[in-house]
Amino acid sequence: MIKKYWKPIVVILVLALALLFVRSRLVVKEPDLAVLRPGMTIKVEKGTVRETISAEGFIEPVHAENLNFPARTGSVKVEKIHVKKGDYVEEGQLLIELDKTEARLSYLQRENAYNRALINGSRNEIEEARLNLELVKNNLVNLDLRAPFSGIVTDIYLEEGSYYSSGDAITIKDISRYQVEVSVDESKLPIVRVGQPVELTLISLPGVRLTGVVSEIGNEANNAHATVTIPVKVLLDETEHDIKLGVSAQVEIIVNEVKDEIVIPAAAVFSRAGRDYVMKAADGEMVEVPVETGPTDGLRIAIMSGLDVGDEILVNTYMYNQQAGSLRGSAGFPTGSRMVIGGPR
């Protein structure tokens, strides 16, 4: 008899178990009272929170210039190169000089002509001779290339004995101040302002935190890649640290900062119906308290109202229930849930 009906019985049992499993997945049970253990709550304190934009770039000089001799006809021999790559030079220092033989001869000829005009020339002849003398004097001076500002020599494009006709001769970079150009996503542009403080770290200077300000925001976006970005320049404050050109820099643009306000873990705040809440200890239970939130750095968040210093709150609501919806860091509590401090009463 049992053998005859064993297959239908097995089918009925399987269907019943399946029904129970589906029901257990669909029915939301009210949470049991949970016991808060040490470390699950914190006392509210005041602190500082910064909202920042992170970016990467490379150390550049504020001013760099490729120097060349004034345009001329023909080519002139490179007589002497007075510096080498890596040298620090002062403003006005002689860098490179071209051969002056022909220019000196021309100067002497024009000087003699001017002196003769002064003796027996007319007013126009004297003025003509004077102007010709000024021209050859300028040509003579222009055969010397001098530093327009203090800095380091990073490139030299000529060799002694070669001939120069046109083009760059030498590159100088001003290292009295440094800057970093970074790319900021276009979505962040509304909150970036010239003058905002910046903190920087360099791999080449471990443990050192440098400071600066946003000095320039580009007028043209870069859309060459999948994302659209805006170039932003950061001017570093003066520092005594030995910074090398071209090294990488991690940049944090501080777009918002609050000081001496209540600061709690971001995961302690959850949202429901457009409002933010925390779980606060009151009369031995954890109750939902609406709060007004401020800036966040992703890990911590400022509370502008709703809590007082010394209040005890739940550190992370995700540890207890994920059925409530949106949490700043994770999830929240369903309506009507409560937590008991020290165990069920």
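Structure: see above.
Residues numbered from 1 in each chain as written. Predicted model: local features only at pLDDT ≥ 70, side-chain atom pairs only at ≥ 80, totals over all residues. Heavy atoms only, no water.

Q: Can you lay out the pairing of strand S4 (residues 76-81) for me, pointing to particular residues and giving the numbers?
A: Summarising the sheet, S4 and strand S9 (residues 163-164) pair through two bridges and their orientation is antiparallel. Residue pairing in the sheet places Lys 77 in a bridge with Tyr 163 of S9. Here S4 runs beside strand S6 (residues 94-98); their pairing, made up of three bridges, is antiparallel. Bridged to Lys 80 within S6 is Glu 97. (Pairing = 2+ DSSP bridges. Helix = DSSP H or I, 4+ residues; strand = E, 2+ residues; numbered from the N terminus.)

Q: I'd like to hear about the sheet that holds S6, residue by residue, with values.
A: Strand pairing in a sheet is mediated by backbone hydrogen bonds. Such pairs are either parallel or antiparallel. The sheet built from four strands is open, its strands ordered S7-S6-S4-S9 with antiparallel pairing. Each of the sheet's edge strands pairs with one partner strand only, and the pair in question is strand S7 (144-146) and S9. Note that S6 and S7 share three bridges and pair antiparallel. Along S7, the bridge assignment pairs Glu 97 with Asp 144.

Q: Now, about the layout of surface pockets: what can you tell me, with residues and values included?
A: The volume enclosed by the largest pocket comes to roughly 420 Å³. If you trace the largest pocket, you find 18 residues lining it, with Arg 72, Val 76, Glu 102, Ala 103 and Leu 143 closest to the centre. Among the elements of the structure, S4, helix H2 (101-120) and helix H3 (123-141) are those that each provide at least two residues to the lining of the largest pocket. In terms of residue count, H2 provides more of the lining of the largest pocket than any other element does, four residues in total. Considering only residue class, the lining of the largest pocket consists of six nonpolar, seven polar and five charged. (1 Å grid on protein atoms, 1.4 Å probe; cavity = no way out; pocket = protein on both sides within 12 Å on 5 of 7 lines; lining within 4 Å. Points joined across faces, edges and corners; volume = space filled by probe spheres on them. Nonpolar A, V, L, I, M, F, W, Y, C, P; charged D, E, K, R; others polar.)

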